[in-house]
Amino acid sequence: GKVRAPTHIISTISDDRGEEPRYAGVPMSSIVEQGYGVGDVISLLWFKRSLPRYCTQFIEICIMLCADHGPCVSGAHNTIVTARAGKDLVSSLVSGLLTIGPRFGGAIDDAARYFKDAYDKGLSPYEFVESMKKKGIRVPGIGHRIKRGDNRDKRVELLQKFARTHFPSVKYMEYAVQVETYTLSKANNLVLNVDGAIGSLFLDLLAGSGMFTKQEIDEIVEIGYLNGLFVLARSIGLIGHTFDQKRLKQPLYRHPWEDVLYTK
Ligand code: ACO
Ligand code: LMR
């Protein structure tokens, strides 16, 4: 029989050995000729399958809505400071990306994990939020620095509207909304934020599309695919901020003394 030398790498998402590269088996010519979009390419390379149009459209909406949020947020600030220190595009980009994490943009996976666990266990929003408080863990996907109960995040509203129109079920999102109703009764800043909206809605996408087994959904949530959406999206804005600073020929940034409380 055939003897195969052991390999050092296993790869299952793409193949460049033939006449043209393939993403999850789909040749690049089909991607172009059949009018695939970025959402389709993400479906192929991340989920190894073609997803229905409403799913790929949802992915693209997430990317577009999270592409930027102005110069004052952590990521853009780091990128701007780095670009103004004369660093190159990649350094400026990664400097901004490195701020993405549990407080900023990188709470999507944990939001999905905690909302899924609480919903699947049948916890009421009260039981869920109070159990998190007892454990000393902030509810991922809840809270915002500038958004409030009376000044909601437009991105969250747009995502919810799309999903209510196109998704077969939005049970996880509705649960997240009930959690928000409870947290807003505690404090006005504890809104469902864009990370929480994407986390809960992606659970609905995974569960409602019929394209994933229960084990696959558990694996996606456990590995943590969803922060990737924010990382990918915000890279667009961070690259823009780098070009903007270079175009404006901005000098080295130095933070003003007046804005620092020097104390012992
Ligand atoms: N769950 C429970 N309580 C919270 C939460 C939360 N998610 N967020 C804030 N609180 C409470 C705090 O404990 C605090 O109460 P305390 O003073 O009695 O301790 C009060 O609300 C005010 O908290 P601040 O620290 O002033 O809130 P801040 O505006 O600094 O925090 C943040 C904003 C970081 C987003 C916070 O709400 C949080 O950690 N949320 C969870 C992580 C998350 O979802 N991040 C993504 C944000 S969206 C984005 O980055 C694109
Ligand atoms: C963002 O998307 O960067 C914002 O939601 C964060 C912020 O503090 O405004």
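Think of each chain on its own: its residues are numbered from 1, step by step along the sequence as written. By the order in which they are written, chains take letters starting at A while ligands take numbers starting at 1. Under the rules for a predicted model, residues below a pLDDT of 70 receive no local features and side-chain atom pairs below 80 are neither given nor counted, while totals for whole chains, interfaces and linings still include all residues. Hydrogen atoms and water are omitted, and side-chain values are computed over all heavy atoms in the structure.

Under an unreviewed UniProt entry, the name given to the protein chain is ATP citrate synthase, and the source organism is Nelumbo nucifera.

What follows covers the packing of aromatic side chains. Aromatic pairing here means that ring centres of Phe, Tyr or Trp (its six-membered ring) are within 6.5 Å. Orientation follows from the plane angle: under 30 degrees is stacked, over 60 is edge-to-face, and everything else is tilted. On inspection of all chains with the given rule, the structure shows 14 aromatic pairs. Taken together, a centroid distance of 5.7 Å and an interplanar angle of 80 degrees make the contact between Tyr126 and Tyr182 edge-to-face. Of this pair, Tyr126 sits in helix α7 (residues 125-135) while Tyr182 sits in helix α9 (residues 171-186), and the two are 56 residues apart along the sequence. Ring geometry for Phe128 against Tyr175: centres 6.3 Å apart, planes inclined by 40 degrees, an arrangement best described as tilted. Within this pair, whereas Phe128 is found in helix α7, its partner Tyr175 is found in helix α9, the two being separated by 47 residues in sequence. Each of the two residues, Phe128 as well as Tyr175, counts as buried. For helices the rule is a DSSP run of H or I covering at least 4 residues; for strands it is a run of E covering at least 2, with both sets numbered from the N terminus onward. Burial status follows relative accessibility: with a 1.4 Å probe on protein chains alone, a residue under 20% of its type maximum counts as buried, one over 50% as exposed, and anything between as partly exposed.

To be near a molecule or strand, a residue needs just one of its heavy atoms within 4 Å of it. In the neighbourhood of ligand 1, 19 residues make up the surrounding shell, with Arg138, Val139, Gly141, Ile142 and Arg145 lying closest. Backbone polar atom of Gly105 to an oxygen atom of ligand 1: 2.8 Å apart, as the coordinates give it. Within 3.5 Å is the distance limit for a polar contact, defined as a pair of N or O atoms, with the added protein rule that one can donate a hydrogen and the other accept it, and that residues adjacent in sequence qualify only through two side-chain atoms. Taking Arg138, its side chain carries an N or O atom lying 2.8 Å from an oxygen atom of ligand 1.

Let us look at the environment of Gly143. Here Gly143 shows up in the loop between α7 and α8 (154-166). By definition in these notes, contact holds between two residues if any of their heavy atoms fall within 4.5 Å. Not counting chain neighbours up to four residues away, the residues in contact with Gly143 comprise Asn189, Leu190, Val191 and Asn193.

The next point concerns the environment of Arg145. For Arg145, the location among the structural elements is in the loop between α7 and α8. The exposed category is assigned to Arg145, whose relative accessible area is 78%. Between the C-alpha atoms of Arg145 and Asn189, which are 44 residues apart in sequence, the distance is 7.3 Å.

Before going further, it helps to spend a moment on the packing of helix α4 (residues 74-84) against helix α12 (residues 227-247). Helix packing geometry: the angle between the two helix axes and the distance between the axes. Axis lines are fitted to C-alpha atoms, over the contacting stretch for helices. Their N-to-C directions set the angle, which ranges from 0 to 180 degrees. Axis separation between α4 and α12 bottoms out at 9 Å; the angle between their running directions is 35 degrees. The chirality of how α4 crosses α12 is right-handed. Residue-level contacts link Gly75, Ala76, Thr79, Ile80, Ala83 and Arg84 of α4 to Leu238, His241, Thr242, Gln245 and Lys246 of α12. Polarity classes work like this: nonpolar for Ala, Val, Leu, Ile, Met, Phe, Trp, Tyr, Cys and Pro, charged for Asp, Glu, Lys and Arg, and polar for all others, with Gly in that last group. Each residue belonging to the contact of α4 with α12 can be placed in one class, and the counts come to 4 nonpolar, 5 polar and 2 charged. Helix crossings get a hand from a simple test, with the near helix turned counterclockwise from the far one by less than a right angle marking a left-handed crossing and a clockwise turn marking a right-handed one.

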